[in-house]
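The chain contents come next:
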Amino acid sequence: MPVQGATLFTTVRRSLGPQSRLLARGFANSMSLQYGKKIVVTKPVVELDGDEMTRIIWKKIREELILPYLQLDIKYYDLGLEYRDQTNDEVTVEAANAILEHKVGIKCATITPDEARVEEFKLKEMWKSPNGTIRNILGGTVFREPIILDRIPKPVPGWVKPIYRSTDFVAPGPGKLQLVYSPADGGAKTVMDVYDFKGKGVAMSMYNTDESITGFAHSSFKMALLKKMPLFMSTKNTIMKKYDGRFKDIFQEIYESQYKDAFEKVGIYYEHRLIDDMVAQVIKSSGGFVWACKNYDGDVQSDILAQGFGSLGMMTSELITPDGQVVESEAAHGTVTRHYREFQKGNETSTNPVASIFAWTRGLLHRAKLDNNEELKKFCLDLEAACVETIDKDGIMTKDLALAIHGKNMKREHWVVTDKYMDAVNAKLQKKLAEGVTKP
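Residues numbered from 1 in each chain as written. Predicted model: local features only at pLDDT ≥ 70, side-chain atom pairs only at ≥ 80, totals over all residues. Heavy atoms only, no water.

### Observations regarding the sheet that holds strand S4 (residues 74-78)
Logical step 1: Spatially, six strands are ordered S4-S2-S5-S15-S14-S6 in an open sheet, and the strand pairing comes out mixed. Here the strands that pair on one side only, and so sit at the sheet edges, are S4 and strand S6 (141-146). Averaged over all adjacent pairs, the angle separating strand axes in this sheet is 20°, with direction ignored.
Logical step 2: Bridge count for strand S2 (residues 45-49) against strand S5 (residues 104-107) is three bridges, and the pairing is parallel. Paired with Val 46 across the strands is Gly 105, a residue of S5.
Logical step 3: Contacting S2, S4, S5, S6, strand S14 (315-320) and strand S15 (327-331), helix H13 (residues 354-371) runs over the sheet at an angle of about 175° to S5. (Pairing = 2+ DSSP bridges. Helix = DSSP H or I, 4+ residues; strand = E, 2+ residues; numbered from the N terminus. Axes fitted to C-alpha atoms, helices over the stretch in contact; angles between N-to-C directions. Contact = heavy atoms within 4.5 Å.)

Structure, rendered in structure tokens:
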């Protein structure tokens, strides 16, 4: 069950277990906050807590950058790995269903366990990716967009505008691999010979549905219209003629029948590109388009895009359903385990919190859109601007960004620890909010 109202923080601390002792030590010197009238958010959002260093930062964001300013009903779900294991991962399913109900999910980064994590946490089993589980329940498409900074050098300097399930098998020895399709009406089976193994090897099968591809297409076209940017869809249909060809055909059919007129009206267009051609186009372009990728392509290319714009810590991630009504936002990075290990030792850490802050703002912006809450929208935009201006104008930043600027010449004075950066953001946010108050 979610945690509501005044009991939120006591329950959060209880769920943290050993980590609760670390929270007070990590941010004990954070500045206190005093702000006047809170912005009223009439409908709830669903919060999904996470793991390791991002969990520590997440708590500070919630308690110092969000709740002091918003009267907000949070439906809280603990997706920390220990609690997922305790509930046999049922908490992830409950959280996803809550997002469907309330339309807005805001998620902290979580651990997807491998063999080493199973041993470290003494897990009952190797639980699936929470993101995968949530995506399967919500449906929709993941959109990632870089948070662009003027001050940070870009490994791909031409980029100045945003660029917006399988089964595997190990063959133990010689044998024939086949794919079999059995019609539900009891008709004749179709048997396809895939390969005759002469020795050990591996194999993989993939599937998708017209319903899923159609939802992907609608989400992509709607995002392009929202951003007023052209849309490119990339596949390798020259090799995977039927599988990738189905993506190509469905996108084209939907564009021609439902979106072409709207695209032309705002001066944008849609094109299908081969993935290799598209990658080359991305590198030489200045950006300014939406790129629709299949799952594996998207996982790879999103990290390339993030680094190309300067840092893996500067990328938003939003899962949006085809009808545009449900959004789950999160940071497009992991739990920053290396920093967490240093934090556990009591050492100072400088972890970039910007993408986690934007996870909150992007989720709340969707809440504002659904509720027509202009005051909440302005707050979110002010907080995002405060994050960027603290870096670009004031030169206050975390270590990853300082390293991108100074490289081998980076010195300790070039960067600050996480809470100092967030305190500077908070001070700038308060100034923006004060400037926006109408004086009598």
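### Digging into helix H10 (residues 275-284)
Logical step 1: Inspection of H10 places Ile 275, Met 278 and Val 282 among the buried residues, and these make up the whole buried set. Looking down the long axis of H10, one finds its buried residues gathered within 55° of arc, a one-sided arrangement. (Buried < 20%, exposed > 50% of the residue type's maximum accessible area, 1.4 Å probe, protein only. Arc of directions from axis to C-beta.)

### So, the environment of Leu 305
Logical step 1: Residue position: Leu 305 is located in helix H11 (residues 295-308).
Logical step 2: On the basis of relative accessible area, Leu 305 is assigned to the buried category, the value being 6%.
Logical step 3: It is 9.5 Å that separates the C-alpha atoms of Leu 305 and Ile 283, two residues lying 22 residues apart in sequence.

### Overview of the pairing of strand S11 (residues 231-235)
Logical step 1: Along S11, five of the five residues are buried, which leaves the element largely enclosed by surrounding structure.
Logical step 2: Along S11, one buried face is formed by Leu 231, Met 233 and Thr 235 and the opposite face, lined by Phe 232 and Ser 234, is buried too.
Logical step 3: Sheet topology places S11 next to strand S12 (residues 270-274); five bridges connect them, and they run parallel. Counted as the bridge partner of Met 233 is His 272 from S12.
Logical step 4: Bridge count between S11 and strand S13 (residues 290-292): three bridges; the pairing is parallel.

### Some words on the packing of aromatic side chains
Logical step 1: Under the counting rule described, the total for this entry stands at 16 aromatic pairs.
Logical step 2: Ring geometry for Phe 216 against Phe 247: centres 6.5 Å apart, planes inclined by 75°, an arrangement best described as edge-to-face. With Phe 216 in helix H8 (residues 210-227) and Phe 247 in helix H9 (residues 243-265), the pair connects residues that are 31 residues apart, well separated along the chain.
Logical step 3: For Phe 216, a relative accessible area of 11% translates into the label buried.
Logical step 4: On the numbers, 5.9 Å between centres and 85° between planes, the contact of Phe 232 with Tyr 269 is edge-to-face. Linking Phe 232 in strand S11 with Tyr 269 in the loop between H9 and S12, this pair joins segments that are 37 residues apart in sequence.
Logical step 5: A network of ring pairs unites the aromatic residues Phe 216, Phe 221, Tyr 243, Phe 247, Phe 251, Tyr 255, Tyr 259, Phe 263 and Tyr 270 as a single cluster.
Logical step 6: Taking the ring centre of Phe 247 as reference, the NZ or CZ of Lys 294 above it sits at 5.6 Å. (Phe/Tyr/Trp six-rings, centres within 6.5 Å; stacked < 30°, edge-to-face > 60°. Lys NZ or Arg CZ within 6 Å of the ring centre and 35° of its normal.)

### What to know about a nonpolar patch on the surface
Logical step 1: A cluster of nonpolar residues, Leu 179, Tyr 181, Met 192, Val 194 and Tyr 195, forms a patch on the protein surface that exposes about 510 Å² of accessible area.
Logical step 2: Elements with a minimum of two residues in the nonpolar patch: strand S8 (175-181) and strand S9 (190-197).
Logical step 3: Counting residues per element, the nonpolar patch draws most heavily on S9, which supplies three residues.
Logical step 4: Residue position: Met 192 is located in strand S9. (Patch = residues over 30% accessible without salt bridge, like charges linked within 9 Å, V, L, I, M, F, W, Y side chains within 5 Å. Areas by Shrake-Rupley, 256 points an atom, 1.4 Å probe, with all protein chains shown as cover. Salt bridge = Lys/Arg side-chain N within 4 Å of Asp/Glu carboxyl O.)

### Some remarks on the confidence of the model for the chain
The predicted structure's coordinates, where accompanied by low pLDDT, should not be read in detail.
Logical step 1: Predicted confidence across the chain gives a mean pLDDT of 84, with 83% of residues reaching 70 or more.
Logical step 2: For residues 1-35, every residue scores under 50 in pLDDT, and the model assigns this stretch 66 contacts once sequence neighbours within four places are set aside. (pLDDT = per-residue confidence, 0-100.)

### A look at the sheet that holds S11
Logical step 1: The sheet built from three strands is open, its strands ordered S12-S11-S13 with parallel pairing. Every other strand in the sheet has two partners, leaving S12 and S13 as the edge strands with one partner each. Pairwise comparison of adjacent strand axes, ignoring direction, gives a mean angle of 25° for this sheet.
Logical step 2: Along the sheet face, H10 touches S11, S12 and S13 and points at about 110° away from the line of S12.

### A look at the packing of helix H5 (residues 90-102) against helix H7 (residues 130-138)
Logical step 1: Direction vectors running N to C along H5 and H7 enclose 40°, while the axes themselves pass 9 Å from each other. Put simply, H5 runs oblique to H7. H7 is crossed by H5, and the crossing has right-handed handedness. On H7, the residues touching Thr 92, Val 93, Ala 96, Asn 97, Ile 99 and Leu 100 of H5 are Pro 130, Thr 133, Ile 134, Ile 137 and Leu 138.
Logical step 2: A per-class count over the contact of H5 with H7 returns eight nonpolar, three polar and no charged. (Parallel < 35°, antiparallel > 145°, perpendicular 65-115°, else oblique. Left-handed = near helix turned anticlockwise from the far one by under 90°. Nonpolar A, V, L, I, M, F, W, Y, C, P; charged D, E, K, R; others polar.)

### What to know about the side chain of Asn 352
Logical step 1: Relative to the helices and strands, Asn 352 resides in the loop between helix H12 (337-344) and H13.
Logical step 2: A polar side-chain atom of Asn 352 sits 2.9 Å from the main-chain amide nitrogen of Val 354. (Polar contact = N/O pair within 3.5 Å; in protein donor to acceptor, adjacent residues only side chain to side chain.)

### Some words on the pairing of S4
Logical step 1: Burial analysis of S4 places five of its five residues in the buried class, which makes it a mostly covered element.
Logical step 2: The alternating pattern of S4 places Ile 74, Tyr 76 and Asp 78 on one face and Lys 75 and Tyr 77 on the opposite face, and all of these are buried.
Logical step 3: Two elements, S2 and S4, share five bridges in a ladder whose sense is parallel. When the sheet's bridge partners are listed, Asp 49 is paired in S4 with Asp 78.

### Describing the nonpolar core
Logical step 1: Grouped together as the largest cluster of nonpolar side chains are 51 residues, with contacts concentrated most on Leu 72, Leu 364 and Phe 379.
Logical step 2: Of all the secondary structure elements, the ones that give two or more residues to this core are helix H3 (52-66), S4, S5, H12, H13, helix H14 (374-392), helix H15 (399-406) and helix H16 (418-436).
Logical step 3: Ignoring anything within four residues of it in the chain, the contact list for Phe 379 reads Ile 39, Leu 65, Ile 66, Tyr 69, Leu 70, Leu 429 and Leu 433.
Logical step 4: Grouped together as the second largest cluster of nonpolar side chains are 23 residues, Ala 224, Phe 251, Tyr 255 and Phe 263 included. (Core = buried A, V, L, I, M, F, W, Y, C linked by side-chain atoms within 4.5 Å.)

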